[in-house]
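Tertiary structure, described
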Amino acid sequence: ERMYNKRLSEYASLGYKTKGDLDITDPVNFIYNKNSFLPVYTNDIVNAQKEVFIVSPFVSKRRLDYMTQYFEETLSKNVKFAVMTRPIEEYREKDKFILKRLLDALESFGVQLLFKSNIHQKFAVIDQRIVWYGSINLLSFENSEESIMRLESSNIANELMNSMDI
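Presented here is an overview of the structure given in this document. None of the values given here were measured: they were computed from a predicted structure.

The subject of this paragraph is the overall build of the protein. Tallying secondary structure elements over the protein gives 5 helices and 8 strands in all. Taken from N to C terminus, the helices and strands of the protein fall in the order α-β-β-α-β-α-β-α-β-β-β-β-α. The contacts of the protein with a sequence gap of at least 6 include a subset with a gap of at least 24, amounting to 73%. Total accessible area on the protein stands at roughly 9400 Å², and carbon and sulfur atoms take up 48% of it.

Attention shifts here to the nonpolar core. Membership of the largest hydrophobic core comes to 35 residues, with the highest contact counts inside it found for Phe 37, Tyr 41, Ile 45, Ile 54, Phe 71, Phe 81 and Trp 132. Listed by contribution, the elements that provide at least two residues to this core are strand E2 (30–33), helix H2 (37–46), strand E3 (51–55), helix H3 (61–75), strand E4 (80–85), helix H4 (93–109), strand E6 (123–126) and strand E7 (130–134). For Ile 45, the residues in contact, after removing those within four places along its chain, are Ile 54, Met 67, Tyr 70, Phe 71, Thr 74, Phe 81 and Ile 126. Ranked by size, the runner-up nonpolar core spans 15 residues in total, among them Ala 82, Phe 123, Met 149 and Leu 151.

All told, the structure shown has 10 aromatic pairs when counted by the stated rule. Note on Phe 37 and Tyr 41: the rings are 5.6 Å apart at their centroids and 45 degrees apart in plane angle, and the pair reads as tilted. Highlighted residues: Phe 37 and Tyr 41, both in helix H2, separated by 4 residues, approximately one helical turn. Residue classification places Phe 37 among the buried positions, given a relative accessible area of 0%. The exposure class of Tyr 41 is buried, given its relative accessible area of 0%.

Scanning the entire structure with this criterion turns up 7 salt bridges. Between Asp 95 and Arg 92 there is a salt bridge, with the nearest N and O atoms lying 3.0 Å from each other. Under the relative-accessibility criterion, Arg 92 is labelled exposed at 54%. Ionic contacts of the salt-bridge type, sharing partners, join the residues Asp 44, Arg 129, Arg 150 and Glu 152 into one network.

Moving on to the packing of H3 against H4. Orientation of H3 relative to H4, taken along the N-to-C sense of each, is 10 degrees, at an axis distance of 10 Å. Regarding the angle of H3 to H4, the classification is roughly parallel. Residues Lys 61, Leu 64, Thr 68, Phe 71, Glu 72 and Leu 75 of H3 pack against Ile 98, Leu 102, Leu 106 and Phe 109 of H4.

Further remarks concern unusual backbone geometry. Residue Asn 78 is not a glycine yet carries a positive backbone phi of 60 degrees. Tracing the backbone shows Asn 78 in the loop between H3 and E4. A relative accessible area of 71% places Asn 78 in the exposed class.

With that settled, consider the side chain of Thr 42. Examined against the element boundaries, Thr 42 turns out to sit in helix H2. You can call Thr 42 buried: its relative accessible area is 4%. In this structure Thr 42 touches Tyr 66, Met 67 and Tyr 70, once residues within four positions along its chain are discounted.

Note: E4 against strand E5 (residues 112–115), 4 bridges, orientation parallel. Note on E5: the bridge partner recorded for Ala 82 is Gln 112.

Put simply, H2 and H3 touch, their axes get as near as 8 Å, and they point 30 degrees apart. Comparing the axis directions of H2 and H3 gives the class roughly parallel. The residues of H3 that touch H2, namely those facing Phe 37, Leu 38, Tyr 41, Thr 42, Ile 45 and Val 46, are Arg 63, Tyr 66, Met 67, Tyr 70, Phe 71, Glu 73 and Thr 74. Along the lines of polarity and charge, the residues of the contact of H2 with H3 split into 9 nonpolar, 2 polar and 2 charged.

Scoring rules and cut-offs
- Residues numbered from 1 in each chain as written.
- Predicted model: local features only at pLDDT ≥ 70, side-chain atom pairs only at ≥ 80, totals over all residues.
- Heavy atoms only, no water.
- Helix = DSSP H or I, 4+ residues; strand = E, 2+ residues; numbered from the N terminus.
- Contact = heavy atoms within 4.5 Å.
- Areas by Shrake-Rupley, 256 points an atom, 1.4 Å probe, with all protein chains shown as cover.
- Core = buried A, V, L, I, M, F, W, Y, C linked by side-chain atoms within 4.5 Å.
- Buried < 20%, exposed > 50% of the residue type's maximum accessible area, 1.4 Å probe, protein only.
- Phe/Tyr/Trp six-rings, centres within 6.5 Å; stacked < 30°, edge-to-face > 60°.
- Salt bridge = Lys/Arg side-chain N within 4 Å of Asp/Glu carboxyl O.
- Axes fitted to C-alpha atoms, helices over the stretch in contact; angles between N-to-C directions.
- Parallel < 35°, antiparallel > 145°, perpendicular 65-115°, else oblique.
- Pairing = 2+ DSSP bridges.
- Nonpolar A, V, L, I, M, F, W, Y, C, P; charged D, E, K, R; others polar.

In structure tokens:
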């Protein structure tokens, strides 16, 4: 808890605000927790106009079942959509079958799948300017206390994309 509060203080010194400090007129540069990020994140995905790129080391049926409606709405507007995750071989044996079905379904919707071994980063870049970056797996539910930042920066978006060789 001390480390979490220390991180929040450091983020605040850099100009970020927590969701509790939200000013509706300034929707960027906030830190969200696992309970507060999803409505804003899905809104960003639905409002994408050019492309969505999500890096999530893990994928779960529960999160994809929830997110599918938003992905389909975005894809219906001819928005490019790509997801990077770990190869199926890196998942537990008991999860491989369902994961294969989930990824096949994503592909059938028009999502481009990219695989990279041993990824740990968790982020999304929307329209090369909106960035979601933090410890929350964007395509799987977690039970732990995690946080994620939302910011608008084409420079950071480009750096993250370049870090994944995109």
